[in-house]
Amino acid sequence: MTVNSELEAAWKYHSATNHSYASVHNNLHFLDWANRPFPFKAYTALEPLALPREARQTGVAALSAIAESICTDSSAVPDLEALAQLLYLTAGITRHRKYPSGNIHFRAAACTGALYEVELYAVCGDLVDLEAGVYHFSPAEFALRRLRAGDYRSVLSEATASETSVIHAPLTIICTCTYWRNAWKYQARTYRHFGWITALC
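Here the structure is a predicted model, which means the values were calculated and not measured.

Participant: What is the right way to look at the packing of aromatic side chains in this model?
Facilitator: The relation between two aromatic rings is expressed through the spacing of the ring centres and the mutual angle of the planes. Tallied over the entire structure, the rule returns six aromatic pairs. For the pair Phe137 and Phe142, a centre-to-centre distance of 5.8 Å together with 85 degrees between the ring planes defines the contact as edge-to-face. Taking relative accessible area as the criterion, Phe137 reaches 2% and is therefore assigned buried. On the basis of an interplanar angle of 45 degrees and a centroid distance of 5.1 Å, the ring pair of Tyr179 and Tyr191 is categorised as tilted. Within this pair, whereas Tyr179 is found in helix α7 (residues 179-186), its partner Tyr191 is found in helix α8 (residues 190-200), the two being separated by 12 residues in sequence. With relative accessibility at 34%, the residue Tyr179 sits in the partly exposed group. An aromatic cluster of at least three residues, connected via ring pairs, comprises Tyr13, Tyr179 and Tyr191. Taking NZ or CZ as reference, Arg95 lies 4.2 Å from the ring centre of Phe106, over its face.

Take a look at the structure:
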């Protein structure tokens, strides 16, 4: 892939959206609660495939998981239960809170303004108990919806310049962002937030 050496546009955007005392106090943006974005992407015409809700225990303490290198079997193929646990721990709803303006569904991973603009998609070959396809993860229902049937991993390979880890992965999680869901509050700084998100995913 050709390295992008045209950095002027990125620097111009970065400079224009920097916070300063003046920029924060001179911005008269108010939240339009009547026009608040819906927090979930919905494919209502597709049948949901419910995911198992019982999480399997790893036997690894949380502090050990972040403090040590843990060897895993790189040849293992995840099943639906493992995929469900991965999706729950990255974007699943962990609690609810009611406010006068509406309910907030808190997710496992924090997000700017609790707007949760990240959508997750799973692209896989045939797994033990899941057919090859492209699936959207619905946190509200804790379910998958199949958008495409068949093995589309070659498309990911092309999109990543034949990245080896993508080519050989039985399953890849794709993160996308819904611009309006974040821009409703953060306006032009939204692209900054998307950069943070993709760096963390």
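Participant: Can you help me understand the pattern of salt bridges in this one?
Facilitator: Opposite charge on two side chains lets them pair, provided their charged atoms get close. Across all of its chains, the model carries four salt bridges by this definition. Across the pair Arg145 and Glu141 runs a salt bridge whose closest N-O atoms are separated by 2.4 Å. Residue classification places Glu141 among the partly exposed residues on the basis of a relative accessible area of 37%. Here Asp151 ties to Arg153 by a salt bridge, and the two come within 2.7 Å at their closest N and O atoms.

Participant: Sorry if this is basic, but what is going on with the side chain of Asn182 here?
Facilitator: You can see Asn182 is positioned in helix α7. A polar side-chain atom of Asn182 sits 3.1 Å from a polar atom in the side chain of Thr190. Ignoring any residue separated from it by four or fewer positions in sequence, one finds Asn182 in contact with Thr112, Leu115, Glu117, Gln187, Thr190, His193 and Phe194.

Participant: Please clarify how the nonpolar core should be interpreted in this entry.
Facilitator: Soluble globular proteins: nonpolar side chains tend toward being buried together. Ranked by size, the top nonpolar core spans 17 residues in total, and within it Leu51, Leu83, Leu87, Leu130, Phe137 and Leu144 carry the most contacts. Secondary-structure elements contributing two or more residues to this core are α4 (80-91), β4 (118-124) and β5 (133-138). Broken down by element, the residue count for this core peaks at five residues, all from α4. Not counting the four nearest positions on each side in its chain, Leu130 is found in contact with Leu49, Leu80, Leu83, Cys124, Gly125, Tyr135 and Leu144.

Participant: Help me understand α7, please; the structure alone is not making it clear to me.
Facilitator: Along an α-helix, residues three or four apart share an orientation, since each turn contains 3.6 residues. By the burial criterion, the buried members of α7 are Arg181, Asn182, Ala183 and Trp184. After α7 finishes, the residue Gln187 shows a positive phi value of roughly 50 degrees.

Participant: Got a minute to help me understand empty space enclosed by the protein in this structure?
Facilitator: Over the atoms rolls a probe the size of a water molecule, and in doing so it shows where empty space is left. Scanning all chains against the criterion turns up one cavity of 30 Å³ or more. A volume near 90 Å³ is recorded for the largest cavity. Lining the largest cavity are Arg36, Pro37, Pro39, Asn103, Ile104, His105, Ala114, Leu115, Tyr116 and Arg181. Residue contributions to the lining of the largest cavity peak at three residues, all from strand β3 (residues 102-107). Class assignment of the residues belonging to the lining of the largest cavity gives a composition of six nonpolar, two polar and two charged.

About the criteria used
Residues numbered from 1 in each chain as written. Predicted model: local features only at pLDDT ≥ 70, side-chain atom pairs only at ≥ 80, totals over all residues. Heavy atoms only, no water. Phe/Tyr/Trp six-rings, centres within 6.5 Å; stacked < 30°, edge-to-face > 60°. Buried < 20%, exposed > 50% of the residue type's maximum accessible area, 1.4 Å probe, protein only. Helix = DSSP H or I, 4+ residues; strand = E, 2+ residues; numbered from the N terminus. Lys NZ or Arg CZ within 6 Å of the ring centre and 35° of its normal. Salt bridge = Lys/Arg side-chain N within 4 Å of Asp/Glu carboxyl O. Polar contact = N/O pair within 3.5 Å; in protein donor to acceptor, adjacent residues only side chain to side chain. Contact = heavy atoms within 4.5 Å. Core = buried A, V, L, I, M, F, W, Y, C linked by side-chain atoms within 4.5 Å. 1 Å grid on protein atoms, 1.4 Å probe; cavity = no way out; pocket = protein on both sides within 12 Å on 5 of 7 lines; lining within 4 Å. Points joined across faces, edges and corners; volume = space filled by probe spheres on them. Nonpolar A, V, L, I, M, F, W, Y, C, P; charged D, E, K, R; others polar.

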